[in-house]
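Here is what each chain is made of, one letter per residue.
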Amino acid sequence: MMSATQHAQYLIIGGGIIGCSIAYHLTRMGATDVVILEKSGLTHGATWHAAGLVGQLRSSRNTTRMLQRSVELYDRLEEETGQAIEWKKVGSLRLAASPDRMLEVKRLATMARSFGLEMQVISPTEAKELFPLIDTAEVLGAAYLPTDGYIDPSGVCQALAAGARKQGARIVQGVRVEAVHSDGRTVTGVDTDNGSWTCDTMVLAAGMWSREIGALSGVNVPACAVEHQYIVTEPIADMPKDMPTLRDPDRLVYYKPDAGRLVVGGYEPDTIPFGDEGVPRDFGQELLPGNMDRFLPLAEKGAKVTPVLNEVGIREVINGPIPYSADGDFIMGRVPELDNYFVASGFLYGIAAGGGAGQMMAEWILDGRPSLDLWPLDVRRFLPHHNTRRFIVDRAVEHYGGHYLLHKPGEESGTARGLRRSPLYGTLKHRRAVYGSKAGWERPNWFAPEGTEIADALSFDRRATNWFPAMAEEHRAVRERVALIDQSSFAKLEVWGRGALDALQTLAVSNLDKPVGAVVYTQLCNERGGIECDLTIIRTGEDRFYVVTGSGFGAHDFHWITTHMPDDGSVAWREVTSAYAVVNLCGPRARTVLQQVADGDVSNAAQPFATARELDIGAATVLAARIGYVGELGWELHIPTEFAGHVYGLLREAGEPHGIADAGYRAIDSLRMEKGYLYWSADITPDYTPYEAGLGFKVALKSKGDFLGKTVLQAQKESGPTQRLCTFTVDDHVSLYGGEPVFLNGEQVGLTTSANYGHTVGKEIAYSYLPAAAWDATDFEIESFGERYKAARHDRPLYDPDNERLKA
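Structure report, in brief. Everything numeric in this text was worked out from a predicted model, so none of it was measured.

**A short note on unusual backbone geometry**
Line of reasoning, step 1. Positive phi outside glycine occurs at Asp242, with the angle close to 60°.
Line of reasoning, step 2. Its place among the elements puts Asp242 in the loop between strand S12 (223-233) and strand S13 (245-248).

**What about the packing of aromatic side chains?**
Line of reasoning, step 1. Scanning the model with the defined rule gives 21 aromatic pairs in all.
Line of reasoning, step 2. The interplanar angle of 80° and the centroid separation of 5.9 Å between the aromatic rings of Tyr546 and Tyr580 together place this pair among those described as edge-to-face. Here Tyr546 is found in strand S27 (residues 544-549), whereas its partner Tyr580 is found in strand S29 (residues 580-586), with 34 residues between them in sequence.
Line of reasoning, step 3. A relative accessible area of 4% places Tyr546 in the buried class.
Line of reasoning, step 4. The class of Tyr580 is partly exposed, set by a relative accessible area of 25%.
Line of reasoning, step 5. Taking the centre distance of 5.6 Å and the plane angle of 55° together, the rings of Phe553 and Tyr679 count as tilted. With Phe553 in the loop between S27 and helix H13 (554-562) and Tyr679 in the loop between helix H16 (665-675) and helix H17 (710-719), the pair connects residues that are 126 residues apart, well separated along the chain.
Line of reasoning, step 6. By way of ring pairs, the aromatic residues Tyr254, Tyr267, Tyr324, Tyr400 and Tyr404 are connected into one cluster.
Line of reasoning, step 7. Positioned over the ring face of Tyr425 is Arg421, at 4.7 Å from the centre of the ring.
Line of reasoning, step 8. Residue placement shows Arg479 over the ring face of Tyr799; its charged tip is 3.8 Å from the ring centre.

**Considering the pattern of salt bridges**
Line of reasoning, step 1. Across all of its chains, the model carries 47 salt bridges by this definition.
Line of reasoning, step 2. For Arg176, the salt bridge identified is with Asp193, shortest N-O distance 4.0 Å. Taken together, the positions of Arg176 in the loop between strand S8 (170-173) and strand S9 (177-183) and Asp193 in the loop between strand S10 (186-192) and strand S11 (195-204) put the pair 17 residues apart, joining distant regions of the chain.
Line of reasoning, step 3. You can call Asp193 partly exposed: its relative accessible area is 32%.
Line of reasoning, step 4. With a shortest N-O distance of 2.8 Å, Asp683 and Arg672 are connected by a salt bridge. Of this pair, Asp683 sits in the loop between H16 and H17 while Arg672 sits in helix H16, placing them 11 residues apart in sequence. Arg672 matches Asp683 in its accessibility class, with the two residues each being buried.
Line of reasoning, step 5. One continuous salt-bridge network, built from bridges that share partners, spans Arg431, Arg652, Glu656 and Asp662.

**A few points about the sheet that holds strand S30 (residues 598-599)**
Line of reasoning, step 1. Reading across from one edge, S30-S31-S32-S33-S29-S23-S34 is the order of the 7 strands in this open sheet, with mixed pairing throughout. The open sheet has two edge strands with one neighbour each: S30 and strand S34 (661-662).
Line of reasoning, step 2. As paired elements, strand S31 (residues 612-617) and strand S32 (residues 620-625) share 6 bridges and run antiparallel to each other. If you follow Ala612 over to S32, its bridge partner there is Ala625.
Line of reasoning, step 3. Packed on one face of the sheet, helix H15 (residues 644-655) meets strand S23 (483-486), S29, S31, S32, strand S33 (634-640) and S34 and runs near 145° to S33.

**So, the nonpolar core**
Looking at soluble globular proteins, one finds that nonpolar side chains tend to be buried together.
Line of reasoning, step 1. Counting 132 residues, the largest nonpolar core has Ile22, Met66, Leu262, Met332 and Tyr341 as its most contacted members.
Line of reasoning, step 2. With 9 residues, the single largest contributor to this core is helix H8 (residues 350-367).
Line of reasoning, step 3. In terms of nonpolar packing, the next biggest core, distinct from the first, is built from 32 residues, Leu424, Val597, Trp635 and Ala644 among them.

The rules behind these values
- Per chain, residues are indexed from 1 in the order of the written sequence.
- With pLDDT at 70 or above as the cut-off, local features in this predicted model cover only qualifying residues; side-chain atom pairs require 80 or more to be listed or tallied, and sums for whole chains, interfaces and linings still use all residues.
- The basis for every side-chain value is the complete set of heavy atoms in the structure, and neither hydrogens nor water enter the calculation.
- Every helix listed is a DSSP run of H or I at least four residues long, and every strand listed is a run of E at least two residues long, numbered separately from the N terminus.
- Within 6.5 Å between ring centres, the rings of Phe, Tyr and Trp (the latter by its six-membered ring) count as paired, and their orientation is classed by plane angle as stacked under 30 degrees, edge-to-face over 60, tilted in between.
- Exposure is judged per residue with a 1.4 Å probe applied to protein chains only, and the accessible area is read against the type maximum: over 50% gives exposed, under 20% gives buried, and values in between give partly exposed.
- Here, a charge over a ring is recorded when the distance from Lys NZ or Arg CZ to the ring centre is within 6 Å and its angle to the ring normal is within 35 degrees.
- By definition, a salt bridge exists where a carboxyl oxygen of Asp or Glu is found within 4 Å of a side-chain nitrogen of Lys or Arg.
- Pairing between two strands requires that DSSP report at least two bridges joining them.
- Residue contacts are counted whenever heavy atoms from the two residues lie within 4.5 Å of one another.
- Note on geometry: axes are lines fitted to C-alpha atoms, helical ones only across the stretch in contact, with angles between N-to-C directions running from 0 to 180 degrees.
- Here, nonpolar core refers to any group of buried Ala, Val, Leu, Ile, Met, Phe, Trp, Tyr and Cys residues whose side-chain atoms link them within 4.5 Å.

Written as structure tokens, this is what we have:
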């Protein structure tokens, strides 16, 4: 019998651990009208059959902090709610059975300590003392994290639900959402199989059903489900109590003690997608048939380090679907399609994340943003192609199979490739480009010389890779001669209308009221002064602007811009990423080459730095902007897509007498580190202000009116920042990648944000924020792979600090 329409201020779809945690934290933060709609029963779907491991360390500092908050919650939840959760804080072990894996363990331990986690690198003997069932014959060492553990998935979910109910939330079970309604950019409610609900805010936390529910209102949620198996053994005689959980990534398996038994699971290659053509609507607290043929290779691998598996029987085989996103990480935040619609989905390890993710989502919903910058998990990192079945399923299966594989810096995905191709793709492939992928774009990472395989040979030691010497030559070509870089993957947005200037002025920290042709590199800040976007804005007309940002940040940045535009019809916009290819012509001989093929004067007097103009190159009219990311004289040439090959060919031919070369994105990163250029999401994020990042010179406090974040930035300029981004160099042979702790007099004072080798300066370069008390020091140490190396701090960019070459 259909019920009357009901209303909830906060309507959560999904009663798994994520939905229940969001409800718990919303009500804990003071929300009083919170409702969960669950199509079956609480925990049904994936929560109830999860293995229950709780690990905290992830590659992102803030993701790790989020998982630490899960542990903090689980420490108190049972006492708070009276609901048993079986939280066992017994620690975790991660074994290493190869020299490369041992390097990874040391890197993880360094990273953990820098994040505030107590992780120790221990010997095989010490590992066996903690987990006596292992055979250490093939073990070289292990990492031990004592604050990890395991928990009862159903128990913790029910405890969160109990806590939410106690705080005023309502939970309605056995109600399936069948339609979602919206008015413009506002979701207004849902229809279920038992009546309708209106809402002020909707939160989608429906696990493996999230993509299909999102599609009901045109919301992209790039998540699917894959099969995951684990076994539960028969009781093991004399099995010690309180053993830690164990991960053995070289054999692709994990272990959890379980009341005298072992739970053994793993991540085999080529798992089977579940519901890739639609998850069954009535699927609830169900399992899939066990497949021992598929699990047997994992069991055989595991038995090499835990021989007891050869002796003990199998009590149960658990095969259940688990959520997986298009890149293997969580999907969180406010969706770009609707203003009051949030998503929390794709949680591969939802039990470990549940407590912290619920808190972050509640903050996002109530405060407008979480207290931690969670860009690596933000739904806006995805584009529409990520939500296609072909992309999601192929990538999910690949990421699942690679979950425990050894991943070296620079590794690229192998599936769902070749999707977005620059018009120069074939030309550069013929010139031996080794491609990587970013936002679906194929981009040249480097160019393989004759005699070198056109593929990456990776290593933790950057200088031991096959691409390092080739990248060094590309770097030198930019610094000493001239190079061409295909940067067509830039995301591009046109903004126009009588209100365009005023609207953009309220977002940018820099003054955009410059003459037509001005190129302004600027930041867009939030109300706290944190850097939300780092991009370039070109004034192409009195009321027309062209915005350029990184290929992976287009959805994020353009959402930030367009959601802050007035709704009075005075501003219009459109994304034009695919309309223009971009060729960066850069190096001290760039002007000589360009002058040979361009109709018009390209002297410094005719076109100084930070200006743009239309220029005819051959038969193509291009927008030539004197700007770049490598720190040399150069032009970014924005070319109508169909003319890109024509323009590239002319430049290439004109540049041959000058030693012109192709360069890729790995060379760009080396070049920008020398010049002191920053990368959003690493060096600058919403956690940092322009003054802290050394970009205070971009902030126009006096020459323009009000803008977002101005009040905070004005106060910070007057009082001075308490932290500042600094540049370091290391003379020793070491590869830094970002995430390494920085020490002064034995105390950690910072964490590297990004790092690379600078071929012009001949040193490893890293950036890190330092507190004010450390600004006067020059002699530091940076820890990498468990070893500390002397590092020198520098006050100015290492290359061309006065911009003489850049502005030549």
